[in-house]
Amino acid sequence: MEYVSTRGGPGTVGFEGALFSGYAPDGGLFMPSALPRLEAPVLRSWSSLSYPQLVKELCTLFITTELMPRSVLEDLIDRAFSRFRHKDVVHLTRLKDGLNVLELWHGATYAFKDLSLSCTGQFLQYFLEKKQKHVTILVGTSGDTGSSAIESVRGQKNMDIFVLLPHGLCTQTQELQMTTVIEENIHVFDAHGNSDEIDEPIRELFADTDFARKHNLMSLNSVNWSRIMVQIAHHFYAYFQCAPSLDTTPLPVVEIVVPTGGGGNITAGCIAQKMGLPIRLVAVVNSNDIIHRAVQHGDFSLSSSVKATLASSMDIQEPYNMERILWLLSDGDSSLIKTLMDQFNVSKGLKLPEDLHRKLAQTLDSCAASDEDIVRAMRRCWEENRYLLCPHSAVAAHYHYVQLGCGSRSTPRCCLAPASAAKFQDAVLRAGLIPDIPPEISALTTLETRSTPLKRGEDWAKVLRERIEELAQRR
């Protein structure tokens, strides 16, 4: 299995190269040069597998046994999921009127990113120990990625992680899950900017290839292929849990509704679809609706600013994984993707070519939800089921309720739930509901915190560069 850049840069890398790179040298994102196709007999044989077993089966398709023996891979995945609170790791809750909620949030930080990052952290440690190597990880977060990334590498001697969080734009719980981790290899920066602005210094450091090579820079945002790879399992598990029967030919279709910010989860769904999983995908967004506009109108352009919403982890204007989706839909036309992304990077606006837009609209449906829509969905779900949704999960539930109002019930539907409502107490209160707060989250307010402010007007890339150099001299 070889990996290529979506922008067609020279050469290929193996899984290890993609894992440690983040962005490709030409600024593109790594993708498998070819995707395995799974026929109906294989899907039927996988239908009874647990979530961890599905992750193992899928990872073996993308990581060669020469690079990582199957027994080692399985052990690393078992270790990754050992801290999850639910015995099934991922759990489906079936609610009234066909509302199926796939809870992806039973990991350490109560967010779906724990699933892919716990595995990715294990993969990193495996290769670093073999090669006696050190890496510097750069992460920009809109809320959940930072804490999950921190949990996946905390205390590791051969990794330093630098996390930039947007000041005042995360929930208190999200922020405390990052700033209360007092470990030598954890470096949290409280940046006075939005989630797109904090990505700029990170991109700048990666673009300095000499600096990036010297300090073995890498990313754990969903630019990293390893995260996308693990997330493919969400869609397979959702399908097998919700499909009525696999005894028919053709196999039945299941609709999977995916709350979407940076686009990693919806990209994983598109890959699963290309691999032969019979799913219909719906990307649901908040008021930061660039993906919705792209799907509906071919308009891939930035709004004037990022809007702060109740679903704060999806407050993203530049969903970088759309590049992977467009590459997939263009049949790997890297020349076209490079042209489009170069244009987007300059003008921050793009009208998708007609053929590409048509393919996108055939692959995805989409829906946008306002804060009012989110609150209504949270209330309705509670009133009908006594079940608390986080605001991101409520974006998916909003779509489900809209479809119910249109009389659409024929296709089974699964709504992915990216986070626990416990992380978003203000949104729960806004909906007139009472938060249910686990003791681990309540205890965060009693812990010591540590972070470094990054103020507007400062050269954030320079601050990061100097801190990385300082740490390197100490080692």
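Residues numbered from 1 in each chain as written. Predicted model: local features only at pLDDT ≥ 70, side-chain atom pairs only at ≥ 80, totals over all residues. Heavy atoms only, no water.

The name an unreviewed UniProt entry gives the chain is Threonine synthase-like 2, with Eudromia elegans as the organism. UniProt, in its Cofactor (unreviewed entry) section for the chain, records the words "pyridoxal 5'-phosphate". Taken directly from UniProt, the Sequence similarities (unreviewed entry) text for the chain runs: "Belongs to the threonine synthase family." (UniProt positions renumbered as here; feature names shortened; annotations may be inferred.)

Novice: Just to check I follow, could you spell out the layout of surface pockets for this structure?
Specialist: The method is simple in principle: a probe with the dimensions of a water molecule rolls over the atoms, and the space it marks as empty is what remains. Put simply, the largest pocket is a space of about 810 Å³. What lines the largest pocket is a set of 26 residues, among which Y23, A24, P25, F206 and A207 lie closest to the centre. Residue assignment for the lining of the largest pocket shows that the elements contributing at least two residues are helix 8 (199-207) and helix 9 (209-214). Per element, the largest residue contribution to the lining of the largest pocket is five residues, and it comes from helix 8. (1 Å grid on protein atoms, 1.4 Å probe; cavity = no way out; pocket = protein on both sides within 12 Å on 5 of 7 lines; lining within 4 Å. Points joined across faces, edges and corners; volume = space filled by probe spheres on them. Helix = DSSP H or I, 4+ residues; strand = E, 2+ residues; numbered from the N terminus.)

Novice: Help me understand the UniProt feature "domain: Tryptophan synthase beta chain-like PALP" (unreviewed entry) in the chain, please; the structure alone is not making it clear to me.
Specialist: In this structure's numbering, the residues bearing the UniProt feature "domain: Tryptophan synthase beta chain-like PALP" (unreviewed entry) are residues 105-398. Counted over residues 105-398, helix gives 49% and strand 14%. Its end C-alpha atoms are 19 Å apart.

Novice: Quick question: what am I supposed to make of the sheet that holds strand 6 (residues 159-166) here?
Specialist: For sheets, the rule is that strands pair by backbone hydrogen bonds, running either parallel or antiparallel. Overall, parallel pairing links the five strands, which are arranged 8-5-6-7-13 in an open sheet. Looking along the sheet, the strands with just one partner apiece sit at the ends: strand 8 (217-219) and strand 13 (452-454). Neighbour-to-neighbour, the strand axes of this sheet turn through a mean angle of 25°, independent of strand direction. Note: strand 6 against strand 7 (residues 186-191), six bridges, orientation parallel. Residue pairing across strands places P166 opposite A191, the latter belonging to strand 7. Relative to strand 6, helix 5 (residues 113-131) is tilted by about 150°, and along the sheet it contacts strand 5 (135-140), strand 6 and strand 8. Contacting strand 5, strand 6 and strand 7, helix 6 (residues 144-153) runs over the sheet at an angle of about 165° to strand 6. (Pairing = 2+ DSSP bridges. Axes fitted to C-alpha atoms, helices over the stretch in contact; angles between N-to-C directions. Contact = heavy atoms within 4.5 Å.)

Novice: How do you make sense of the nonpolar core when you look at a structure like this?
Specialist: A general tendency of soluble globular proteins is for nonpolar side chains to be buried together. Judged by nonpolar contacts, the single largest core of 108 residues is most densely connected at Y51, F81, F123, I137, W225, I232 and F236. Of the residues forming this core, the biggest block, twelve residues, is contributed by helix 10 (residues 225-242). Summarising the domain contributions, this core has at least three residues from each of domain 1 (91-109 + 225-431) and domain 2 (134-215 + 438-474). The contact partners of Y51, leaving out residues within four places of it in the chain, are F81, D88, V89, V90, L115, V230, A233, H234 and Y237. (Core = buried A, V, L, I, M, F, W, Y, C linked by side-chain atoms within 4.5 Å. Buried < 20%, exposed > 50% of the residue type's maximum accessible area, 1.4 Å probe, protein only. Domains from an automatic or database assignment.)

Novice: Whenever I open this one, the pattern of salt bridges confuses me. Can you help?
Specialist: When charged atoms on two side chains of opposite charge get close, those side chains can pair. Across all of its chains, the model carries 28 salt bridges by this definition. Measuring nitrogen to oxygen at the nearest pair gives 3.0 Å for the salt bridge that ties R70 to E57. Of the two residues, R70 sits in helix 4 (residues 70-80) while E57 sits in helix 3 (residues 51-62), which places them 13 residues apart along the sequence. Residue R70 is classed as partly exposed on the basis of its relative accessible area of 31%. One salt bridge in this structure joins E470 and R474, with 2.5 Å as the shortest N-O distance. A residue pair is termed a helical-turn pair when its members lie 3 or 4 positions apart in one helix, as E470 and R474 do in helix 20 (residues 460-474) at four residues. A relative accessible area of 34% places E470 in the partly exposed class. Overlapping salt bridges bring together R83, E151, R154 and E183 as one network. (Salt bridge = Lys/Arg side-chain N within 4 Å of Asp/Glu carboxyl O.)

Novice: Can you walk me through the packing of aromatic side chains in this structure?
Specialist: Geometrically, a pair of aromatic rings is defined through the distance of the ring centres and the angle of the planes. Tallying each qualifying case throughout the model produces 14 aromatic pairs. Plain terms: the ring middles of F81 and F84 are 5.5 Å apart, the flat faces sit at 90° to each other, and that makes the pair edge-to-face. Between F162 and F189, the ring centres sit 6.0 Å apart and the planes meet at 15°, which makes this aromatic pair stacked. One end of the pair, F162, is in strand 6; the other, F189, is in strand 7, and 27 residues separate them in sequence. The same class applies to F162 and to F189, which are both buried. Ring pairing ties together the aromatic residues W46, F236, Y239 and F240, which thus form one cluster. Over the aromatic face of F20 sits the side chain of K133, whose NZ or CZ is 4.5 Å from the ring centroid. Residue placement shows R465 over the ring face of F211; its charged tip is 4.9 Å from the ring centre. (Phe/Tyr/Trp six-rings, centres within 6.5 Å; stacked < 30°, edge-to-face > 60°. Lys NZ or Arg CZ within 6 Å of the ring centre and 35° of its normal.)

Novice: Just to check I follow, could you spell out the domain arrangement of the chain for this structure?
Specialist: Here the chain is described as being made up of domain 1 (91-109 + 225-431) and domain 2 (134-215 + 438-474). A separation of 27 Å is found between the C-alpha centroids of domain 1 and domain 2. Each partner contributes residues to the interface: domain 1 has 16 residues there, and domain 2 has 19 residues. The three residues of domain 1 that bury the most area against domain 2 are T109, S313 and K423, which together make up 38% of that side's buried surface. Taken together, the links from domain 1 to domain 2 amount to eight residue pairs in polar contact (both at pLDDT 80 or more). Looking at the side of domain 1 that touches domain 2, its residues break down into seven nonpolar, five polar and four charged. (Buried area = accessible area lost by both parts, 1.4 Å probe. Polar contact = N/O pair within 3.5 Å; in protein donor to acceptor, adjacent residues only side chain to side chain. Nonpolar A, V, L, I, M, F, W, Y, C, P; charged D, E, K, R; others polar.)

Novice: I would appreciate a short explanation of the side chain of N265 in the present structure.
Specialist: You can see N265 is positioned in helix 11 (residues 264-274). A polar atom in the side chain of N265 sits 3.4 Å from the side chain of Q231.

Novice: In this structure, what is going on with empty space enclosed by the protein? I would like to understand it.
Specialist: If you walk through the whole model with that rule in mind, you get four cavities of 30 Å³ or more. Roughly 340 Å³ of internal volume is contained in the largest cavity. Lining of the largest cavity is provided by 28 residues; of these, K113, G261, G262, S313 and I316 occupy positions nearest its centre. Looking at the lining of the largest cavity, the elements that each hand over two or more residues are helix 6, helix 10 and helix 11. Of the residues contributing to the lining of the largest cavity, the split by class is seven nonpolar, 16 polar and five charged. In terms of domain composition, the lining of the largest cavity takes at least three residues from each of domain 1 (91-109 + 225-431) and domain 2 (134-215 + 438-474). Within this model, the second largest cavity holds a volume of roughly 120 Å³. Residue lining of the second largest cavity: 13 residues in total, with R203, E318, Y320, M341 and F344 positioned closest to the centre. Mapped by element, the contributors of at least two residues to the lining of the second largest cavity are helix 13 (322-329) and helix 14 (334-347). With three residues, helix 14 is the largest single contributor of residues to the lining of the second largest cavity. Per-class residue counts for the lining of the second largest cavity are eight nonpolar, one polar and four charged.

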